Amino acid sequence: MEKLTQGYLKFVDATPDEGYPLRILRAYREDCDCMFSDNTVGEEPTSPLLKLMNEHNRQRAVILDKAIVLLEKGSR
């Protein structure tokens, strides 16, 4: 059975203000740090599917980091 290195966020403050889009992106970005493992010590998985899921999380993190920087610049 696969294990997660951390749990996914279940809550984002949805107060309708100017900070809402950044809070959403930051929550999704934090979820990208959640990596899957098929062993008990949290090492890289051996399963091709879990390896692909982890790689996709890393790719999403790069894209979200860029979007967050752009929104932060635009909100100044």
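Below is a summary of the structure that appears in this document. All residue numbers refer to positions counted from 1 along the written sequence of the respective chain. Per-residue local features of the predicted model are confined to residues with pLDDT of at least 70, and side-chain atom pairs are confined, for both listing and counting, to 80 or more; whole-chain, interface and lining totals are unaffected and use all residues. Side-chain numbers here rest on the full set of heavy atoms in the structure, without hydrogens or water.

The term salt bridge refers to a side-chain nitrogen of Lys or Arg lying within 4 Å of a carboxyl oxygen of Asp or Glu. As enumerated under the stated definition, the model contains seven salt bridges in all. D13 is paired through a salt bridge with R23; the nearest N and O atoms lie 4.0 Å apart. Placement of D13 in the loop between β1 (3-4) and α1 (20-31) and of R23 in helix α1 is noted, with a sequence separation of 10 residues between them. Burial classes follow relative accessibility: with a 1.4 Å probe on protein chains only, a residue under 20% of its type's maximum area counts as buried, one over 50% as exposed, and anything between as partly exposed. Since its relative accessible area comes to 34%, D13 is described here as partly exposed. With a shortest N-O distance of 2.6 Å, R29 and D65 are connected by a salt bridge. Placement of the pair is R29 in helix α1 and D65 in helix α2 (residues 48-74), with a sequence separation of 36 residues. A relative accessible area of 19% places R29 in the buried class. The class for D65 is partly exposed, based on a relative accessible area of 34%. What counts as a helix is a DSSP run of H or I of at least four residues, what counts as a strand is a run of E of at least two, and both are numbered from the N terminus.

Take the environment of T15 next. Within the secondary structure, T15 is located in the loop between β1 and α1. Given a relative accessible area of 37%, T15 falls into the partly exposed group. Non-local contacts of T15, meaning those with residues more than four positions away in its chain, are made with Y20 and R23. A 3.5 Å cut-off defines polar contacts: any pair of N or O atoms within that distance qualifies, except that in protein one atom must be a possible hydrogen donor and the other a possible acceptor, and neighbouring residues in sequence count only when both atoms are side-chain atoms. Polar side-chain contacts of T15 include one of 2.5 Å to the side chain of D13. In this analysis, two residues are considered to be in contact whenever any of their non-hydrogen atoms come within 4.5 Å of each other.

What follows concerns the environment of K10. Tracing the sequence through the fold places K10 in the loop between β1 and α1. For the pair K10 and D31, spaced 21 residues apart in sequence, the C-alpha to C-alpha distance is 9.8 Å.

Moving on to the environment of C34. Mapped onto the elements of the fold, C34 is located in the loop between α1 and β2 (36-37). On the basis of relative accessible area, C34 is assigned to the buried category, the value being 0%. Through-space distance from the C-alpha of C34 to that of R58 is 9.5 Å; in sequence the pair is 24 residues apart.

Here we come to the nonpolar core. Counting residues in hydrophobic clusters, the biggest one holds six residues: L22, L25, C32, A61, L64 and I68. Elements supplying a minimum of two residues to this core: α1 and α2. For this core, the element with the highest residue contribution is α2, accounting for three residues. Contact partners of I68, with chain neighbours within four places excluded, come to L22, L25, R26 and R29. Remark: nonpolar core denotes a set of buried residues (Ala, Val, Leu, Ile, Met, Phe, Trp, Tyr, Cys) joined through side-chain atoms within 4.5 Å.

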